[in-house]
Amino acid sequence: MAHLVPKPVPRASAESRPFWDGVQERKLLLQHCRSCGNYWFPPSALCRHCLSPQSDWREVSGRGRIYSFVVYHRLYHPAFEQDLPYVVAIVALQEGPRLLSNIAGTPWQEIRCDLPVRVAFGDDGRGMMVPQFSICDE
Ligand SMILES: [Zn+2]
């Protein structure tokens, strides 16, 4: 559905560009430490566990659980008027990092902490692909 006011789009930084490039190809990529194997998000130059600068980007499972969430009933930006109420959740990925995202496709009344989710990419009227999550089986 077209929005009269476009939704704000994320702006990639030099450090986050591989993440957003992956999302445009429907891939969820996270930084991975070549020294200790840690995954982390948001992107940064050094591993958050061992401070190694040696990292690469790896596609991850896209699966996790809802760690926490809020339901937005109030309009804070006109572009989101047709989405009200909508869920903003912290998703704990199987690989460890937590992402702030939306839970799509399930009525907000049915959202609970610890429900299993998987990544579901969509442009959501923003003109660029963004990662969202949907409830899934274990
Ligand atoms: Zn490390």
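These numbers come from a predicted model, not from an experiment.

**Student:** Can you walk me through the domain arrangement of the chain in this structure?
**Tutor:** How big an interface is tends to be stated in terms of accessible area lost as the parts join. Taken domain by domain, the chain holds domain 1 (13-60) and domain 2 (61-138). In this complex, domain 1 contributes nine residues to the contact, which on the side of domain 2 involves 13 residues. Put simply, the parts of the chain that give the side of domain 1 that touches domain 2 at least two residues each are α1 (17-24) and β2 (39-40). Considered class by class, the residues forming the side of domain 1 that touches domain 2 number seven nonpolar, one polar and one charged.

**Student:** Sorry if this is basic, but what is going on with the sheet that holds β2 here?
**Tutor:** Note: strands within a sheet are paired through backbone hydrogen bonds, in either parallel or antiparallel orientation. If you walk across this open sheet you meet the three strands as β2-β1-β3, and the pairing is antiparallel. Bordering the open sheet on either side are β2 and β3 (55-59), each of which pairs with just one other strand. As paired strands, strand β1 (residues 29-33) and β2 are joined by two bridges and run antiparallel to one another. If you follow Gln-31 over to β2, its bridge partner there is Trp-40.

**Student:** How should the environment of Pro-6 be read in this particular structure?
**Tutor:** Tracing the backbone through its elements, the reader meets Pro-6 in the segment before α1. C-alpha of Pro-6 to C-alpha of Ser-35: the two residues are 29 residues apart in sequence and 42 Å apart in space. Excluding residues that lie within four positions of it along the chain, Pro-6 makes contacts with Ala-79 and Gly-127.

**Student:** Looking at this model, I keep getting lost on the pairing of strand β6 (residues 98-102). Mind explaining?
**Tutor:** If a strand is regular, its side chains alternate between the two faces of the sheet. Pairing geometry for strand β5 (residues 86-93) and β6, over five bridges, is antiparallel. Looking at the pairing, Val-88 lines up with Asn-102 of β6.

**Student:** Which parts of the structure should I look at to understand the sheet that holds strand β4 (residues 63-72)?
**Tutor:** With antiparallel pairing, five strands are arranged side by side in an open sheet as β6-β5-β4-β7-β8. On the outer flanks of this sheet lie β6 and β8 (130-135), each paired with one strand and no other. Within the sheet, the average angular offset between the axes of one strand and its neighbour, ignoring direction, is 40 degrees.

**Student:** Would you mind going over the environment of Arg-112 with me for this structure?
**Tutor:** Mapping Arg-112 onto the fold places it in the loop between β6 and β7 (116-122). Taking the number of C-beta atoms within 10 Å as the measure of exposure, Arg-112 has 10 and is therefore exposed. Distance in space between the C-alpha atoms of Arg-112 and Gly-96 is 19 Å, their sequence separation being 16 residues.

How each quantity is defined
- Residues numbered from 1 in each chain as written.
- Predicted model: local features only at pLDDT ≥ 70, side-chain atom pairs only at ≥ 80, totals over all residues.
- Domains from an automatic or database assignment.
- Contact = placed C-beta atoms within 7 Å.
- Helix = DSSP H or I, 4+ residues; strand = E, 2+ residues; numbered from the N terminus.
- Nonpolar A, V, L, I, M, F, W, Y, C, P; charged D, E, K, R; others polar.
- Pairing = 2+ DSSP bridges.
- Axes fitted to C-alpha atoms, helices over the stretch in contact; angles between N-to-C directions.
- Buried ≥ 20, exposed ≤ 12 C-beta atoms within 10 Å, placed from the backbone.

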